[in-house]
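Examining the three-dimensional arrangement
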Amino acid sequence: FSEDLSGKVGAAFASGGGISGGQEHVLTALLMALLEYRMMIVGGERWTEAFGTAAVTDEAPFNYPNTQELFLLKAEGLGRRVASVTLKLNNC
């Protein structure tokens, strides 16, 4: 892989079946890979999403349809942050 990704915006999203499913470890591993390519990293919209966004898909109480909306909102927020930072960088 030879493309220069420096100056590009990157973020991480992970999903796992359980509350302790390793999502945070996956997020940090993804971020480290993005940093190796010198990408600019952004987290989610809240301080609790500093490493990115994660979803729990198959463990109570998170396996009910109404709680899945929470994870969709977090993912959408991460996308908004990536878009916002990208726009700001492009306008510099």
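Residues numbered from 1 in each chain as written. Predicted model: local features only at pLDDT ≥ 70, side-chain atom pairs only at ≥ 80, totals over all residues. Heavy atoms only, no water.

**Some remarks on the overall build of the protein chain**
Of the regular secondary structure elements, the protein chain holds two helices and four strands. Put simply, the protein chain runs from its N terminus to its C terminus through helices and strands in the order β-β-α-β-β-α. When the backbone C-alpha atoms are referred to their principal axes, the protein chain occupies close to 45 × 25 × 20 Å. Expressed as a percentage of the 92 residues in the protein chain, the buried residues total 28%. Taking all contacts inside the protein chain whose residues are at least 6 apart in sequence as the whole, residues at least 24 apart take part in 70%. (Helix = DSSP H or I, 4+ residues; strand = E, 2+ residues; numbered from the N terminus. Buried < 20%, exposed > 50% of the residue type's maximum accessible area, 1.4 Å probe, protein only. Contact = heavy atoms within 4.5 Å.)

**Re the nonpolar core**
Residues Leu5, Ala12, Ala14, Leu27, Leu31, Leu34, Met39 and Ala54 constitute the largest nonpolar core, which totals eight residues. If one sorts the elements of this core by residue count, helix 1 (residues 23-36) sits on top with three residues. Each residue touching Leu5, except ones within four places of it in the same chain, is listed here: Tyr37, Arg38 and Met39. (Core = buried A, V, L, I, M, F, W, Y, C linked by side-chain atoms within 4.5 Å.)

**Focus on the side chain of Gln23**
If you trace the backbone, Gln23 turns up in helix 1. A polar contact is formed between the side chain of Gln23 and the backbone oxygen of Gly18, at a distance of 3.0 Å. Excluding residues within four positions of it along the chain, Gln23 makes contact with Ala14, Ser15, Gly16, Gly18, Ala54, Ala55 and Val56. (Polar contact = N/O pair within 3.5 Å; in protein donor to acceptor, adjacent residues only side chain to side chain.)

All we've got here are geometric facts, nothing functional implied.
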